[in-house]
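Descriptive structure summary
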Amino acid sequence: MKKNVYVYLLLLPGLIILLLFLAVPLFSTVFRTFQGDEGLTLTKYIAFFKDSYDRGVYIRTLKLALLTTLIAVILGFPTSYYISRVSRRVRGLYIIFAVFPLLTSPVVRSFSWMVILGKNGIINSTLLKLNLIEEPLRLLYNEFSIVIGLVYLFLPLMIMSLVGVMENIDEDLIEAAESLGATRREVFARVIFPLSIPGLIVGSVLVFTGSITAYTTPQLLGGSNTTVLATLIYQNAMSLFDWDSASVVATIMILTTVFVTFLINKLSSRLNA
Amino acid sequence: MKGKGKFLTLFALLVYFFLIIPLIIITGAAFGTDEFLKFPPRGFSLKWLANIFKVEMFVRTFKISLEIAVLGTVLALLVGIPAAYGLSRYDFVGKNFLQGFFLSPVLVPGIVFGFSLLNFLVIKYEMPVYTSLLVGHTVIIMPYIIRVISSSLENFDYSIEEAAISLGASKLKTFFVIVLPNIASGVIAAFILAFINSFNNVPVSIFLTGPGISTLPIQMMSYVEYYFDPTIAALSVVLMAMTIILMFIIEKTLGLSYFTK
């Protein structure tokens, strides 16, 4: 690689755009939350966590994100392992069917669950036809439908992260363990799982932070009493025109994603040590 | 192959059933004759597909989404290609930091970014909504451009470039005649990926709407709040068809295995 001062000129236009339209607006949002009548203060944050409604929204967001990540791991791990062991051709097919939803509009993906879970949706109309229920179940606009929607949204991401790591696990390693007398469970616990941890970390960070910040899915599949951080920012800003509290929620969201990413990475380096 | 029992196969198939079936259901529902969404649909008709074009706001916002996605992607390519080239070709002080900075938009929650743009550009500096929407999209797609172009530059043999320069070609000419054609497929892939991400974006666009200005996904969201007829299902089918075509181009240029990296 060469050394060259002119390289900064190549980067300059992009840097200007990112500084003016990303860094400065974000900084101004974060900064105003610490501004008080006399200098810097944390009062707005204290007010947020003292308010039982706001605190409830925060806890709900974390809870739904945690649940989503857990389910994505439980569904994604065995599936990815299977995909990483099939022939190259079949694997390509599985990857196509995971990438397709990933690239499809989140509005379309959330909407499809409205068709399935709705009052006249497939599940309710089937159950009614079979006389298993008297009246439609309330499957939509609650925490349950949000979690389903989020798992549906992020499972492909988990699968892709895991397959990327698992397909590099050498088949010989597994066969060696088996020929040395390891049971299936031991092979899984001592060989496959430890080698998959990097993919698990990346996948979990993506799914967890994605779930904390998701707007479309909780907006379409959630109800009035299932507000999460993202929908709270929107409500505070666009319905109440309360820019200050929207900025506080926005900053809390950023800090939470940064902290979680840091925590999971820290945890993984300890697991690897 | 060992370690791949019947249970595992069944499990994987069930998970994929979960991934695919909602999209099949929505497709089926788009072609029914009923006035509201139903699956399995009764009868077969194309009237909902035709109805998309009768809803003026869908046609208008589709155009806006298309414009923003194309303009934003072109803008991001114009500033992103030189940046990606600089980052992969040269060594300099602060390289790691700048690389991280160029990829950072992907780490910022869209909803926070959208709100900040409204707050800062539209309200404080009275920038027109359309312009703000455009720069917002340019910023969020920058990381895709940088990442894809950088990875195709990694496979480029710089000795060809040096040969051209030693034969007397100018740096600029060498870039356009030698480097750019060699990373053409990467540029196409970057374009497609950036385009999809802009076109599908909700959290940034939701704050940047104004009189006569909104994007298709935002319009779809407000439509389903009030109507529950199959028009949205039909529109979803159109969008999925578009996704399939774009995926095909990505497979031909970048390869879908890119997503497992």
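In this report, we go over the structure that sits alongside the text. Keep in mind it's a predicted model, so treat the numbers as computed, not measured.

**Regarding the overall build of chain A**
If you tally the helices and strands in chain A, you get 12 helices and one strand. Mapped in sequence order, the helices and strands of chain A form the string β-α-α-α-α-α-α-α-α-α-α-α-α. The principal-axis extents of the C-alpha atoms in chain A amount to approximately 75 × 70 × 35 Å. Of the contacts made within chain A by residues no fewer than 6 positions apart, 70% connect residues no fewer than 24 positions apart. For chain A, the exposed surface amounts to about 13400 Å²; the carbon and sulfur share of it is 66%. For chain A, the distance from the average site of its 21 positive side-chain charges to the average site of its 16 negative ones is 4 Å.

**Points about the overall build of chain B**
Within chain B, the secondary structure is distributed over 11 helices and one strand. Secondary structure elements of chain B, listed N to C terminal, follow the sequence α-α-α-β-α-α-α-α-α-α-α-α. Seen along its three principal axes, the alpha-carbon backbone of chain B occupies a region of about 70 × 65 × 30 Å. Counting only residues that meet the buried cut, chain B has 57% of its 261 residues in that class. Considering only intrachain contacts with a sequence separation of at least 6, the fraction spanning at least 24 residues in chain B is 70%. Of the accessible surface of chain B, which amounts to about 11600 Å², a share of 70% is contributed by carbon and sulfur atoms. Between the centroid of the 17 positive side chains of chain B and the centroid of its 13 negative side chains there is a distance of 8 Å.

**Looking at the nonpolar core**
In this structure, Ile 233 of chain A together with Ile 149 of chain B are the most contacted members of the largest nonpolar core, which totals 185 residues. The dominant element in this core, judged by the number of residues it contributes, is helix H7 (residues 143-166) of chain A, at 15 residues. Non-local contacts of Ile 233 of chain A, meaning those with residues more than four positions away in its chain, are made with Ala 246, Val 249, Ala 250 and Met 253 of chain A together with Ile 111, Val 112, Phe 115 and Phe 207 of chain B.

**Some thoughts on helix H5 (residues 106-117) of chain A**
Residues and elements named next belong to chain A. The end-to-end C-alpha separation of H5 is 17 Å, in line with the 16 Å expected for 12 residues at 1.5 Å each. Across the 12 residues of H5, 12 count as buried, placing the element largely inside the fold. Here H5 has its buried residues at Pro 106, Val 107, Val 108, Arg 109, Ser 110, Phe 111, Ser 112, Trp 113, Met 114, Val 115, Ile 116 and Leu 117. Between a side-chain oxygen at the N-terminus of H5 and the backbone nitrogen of Val 107 the separation is 3.1 Å; the capping residue is Ser 105.

**Examining the packing of aromatic side chains**
The way to describe two aromatic rings as a pair is by their centre distance and the angle between their planes. Within the structure shown, the criterion is met by 31 aromatic pairs over all chains. When the ring of Phe 49 of chain A is compared with that of Tyr 58 of chain A, the centres are 5.4 Å apart and the planes differ by 90 degrees; the resulting orientation is edge-to-face. Note on Phe 49 of chain A: relative accessible area 35%, which makes it partly exposed. An aromatic cluster of three or more residues is present, and its members are Tyr 215, Tyr 234 and Trp 243 of chain A together with Phe 115 and Phe 207 of chain B.

**Overview of the interface of chain B and chain A**
Tallying the contact residues gives 81 residues for chain B and 86 residues for chain A. Of all residues in chain B, Tyr 16, Phe 18 and Thr 260 of chain B bury the most surface against chain A, accounting for 9% of the area lost on that side. At the boundary of chain B and chain A, one finds zero salt bridges. Where chain B touches chain A, the interface holds six residue pairs in polar contact (both at pLDDT 80 or more). Its residues assigned to classes, the side of chain B that touches chain A comprises 62 nonpolar, 12 polar and seven charged.

**Considerations on the environment of Ser 205 of chain B**
Residues and elements named next belong to chain B. The residue Ser 205 is located in the loop between helix H9 (184-200) and helix H10 (216-226) in this model. Distance in space between the C-alpha atoms of Ser 205 and Phe 115 is 9.5 Å, their sequence separation being 90 residues. For Ser 205, the residues in contact, after removing those within four places along its chain, are Leu 133, His 137, Thr 215 and Ile 218. Here the side chain of Ser 205 touches His 137 through a polar contact of 2.9 Å, side chain to side chain.

**Looking at the side chain of Ser 161 of chain A**
Residues and elements named next belong to chain A. With respect to the helices and strands, Ser 161 occurs in helix H7. Accessibility expressed as a relative area gives 11% for Ser 161, which makes it buried. Among residues more than four places away in sequence, those in contact with Ser 161 are Gly 199, Val 202, Gly 203 and Leu 206.

**Points about the pattern of salt bridges**
Going through the model one piece at a time under the given rule, you end up with eight salt bridges over all chains. Note that Glu 143 of chain A and Arg 60 of chain A form a salt bridge whose closest N and O atoms lie 3.0 Å from each other. One end of the pair, Glu 143 of chain A, is in helix H7; the other, Arg 60 of chain A, is in helix H3 (residues 52-85), with 83 residues separating them in the sequence. Note on Glu 143 of chain A: relative accessible area 24%, which makes it partly exposed. For Arg 60 of chain A, a relative accessible area of 17% translates into the label buried. Across the pair Arg 60 of chain B and Glu 56 of chain B runs a salt bridge, and its minimum N-O distance is 3.2 Å.

**Section: a nonpolar patch on the surface**
A contiguous nonpolar patch, built from Tyr 6, Leu 9, Leu 12, Ile 16 and Leu 20 of chain A and spanning about 530 Å² of accessible area, is present on the exposed surface. For Leu 20 of chain A, the position within the fold is in helix H1 (residues 7-33).

**A short note on the packing of helix H4 (residues 88-103) of chain A against helix H1 (residues 6-30) of chain B**
Taken N-terminus to C-terminus, the directions of H4 of chain A and H1 of chain B make an angle of 40 degrees; their axes are 10 Å apart at the nearest point. Taken together, the axis directions place H4 of chain A and H1 of chain B in an arrangement best described as oblique. Remark: the crossing between H4 of chain A and H1 of chain B carries left-handed chirality. Along its contact with H4 of chain A, which presents Tyr 94, Phe 97, Ala 98, Phe 100 and Pro 101 of chain A, the element H1 of chain B presents Leu 13, Tyr 16, Leu 19, Ile 20 and Leu 23 of chain B. Residue composition of the contact of H4 of chain A with H1 of chain B, by class: 10 nonpolar, no polar and no charged.

**Quick word on the side chain of Thr 215 of chain B**
With respect to the helices and strands, Thr 215 of chain B occurs in the loop between H9 and H10. If we ignore the near neighbours within four places in the chain, the residues touching Thr 215 of chain B are Thr 61, Ser 65, Leu 133, Asn 201 and Ser 205 of chain B.

**Details of unusual backbone geometry**
All names here are of chain A. Of note, Tyr 141 is a non-glycine position whose phi angle comes to about 60 degrees, a positive value. For Phe 241, which is not glycine, the phi torsion reads 50 degrees and is therefore positive. Positionally, Phe 241 belongs in the loop between helix H11 (229-239) and helix H12 (243-272).

Calculation criteria
Residues numbered from 1 in each chain as written. Chains lettered and ligands numbered in written order. Predicted model: local features only at pLDDT ≥ 70, side-chain atom pairs only at ≥ 80, totals over all residues. Heavy atoms only, no water. Helix = DSSP H or I, 4+ residues; strand = E, 2+ residues; numbered from the N terminus. Contact = heavy atoms within 4.5 Å. Areas by Shrake-Rupley, 256 points an atom, 1.4 Å probe, with all protein chains shown as cover. Lys, Arg positive; Asp, Glu negative; His and termini not counted. Charge placed at Lys NZ, Arg CZ, Asp CG, Glu CD. Buried < 20%, exposed > 50% of the residue type's maximum accessible area, 1.4 Å probe, protein only. Core = buried A, V, L, I, M, F, W, Y, C linked by side-chain atoms within 4.5 Å. Expected span 1.5 Å × (residues − 1). Polar contact = N/O pair within 3.5 Å; in protein donor to acceptor, adjacent residues only side chain to side chain. Phe/Tyr/Trp six-rings, centres within 6.5 Å; stacked < 30°, edge-to-face > 60°. Buried area = accessible area lost by both parts, 1.4 Å probe. Salt bridge = Lys/Arg side-chain N within 4 Å of Asp/Glu carboxyl O. Nonpolar A, V, L, I, M, F, W, Y, C, P; charged D, E, K, R; others polar. Patch = residues over 30% accessible without salt bridge, like charges linked within 9 Å, V, L, I, M, F, W, Y side chains within 5 Å. Axes fitted to C-alpha atoms, helices over the stretch in contact; angles between N-to-C directions. Parallel < 35°, antiparallel > 145°, perpendicular 65-115°, else oblique. Left-handed = near helix turned anticlockwise from the far one by under 90°.

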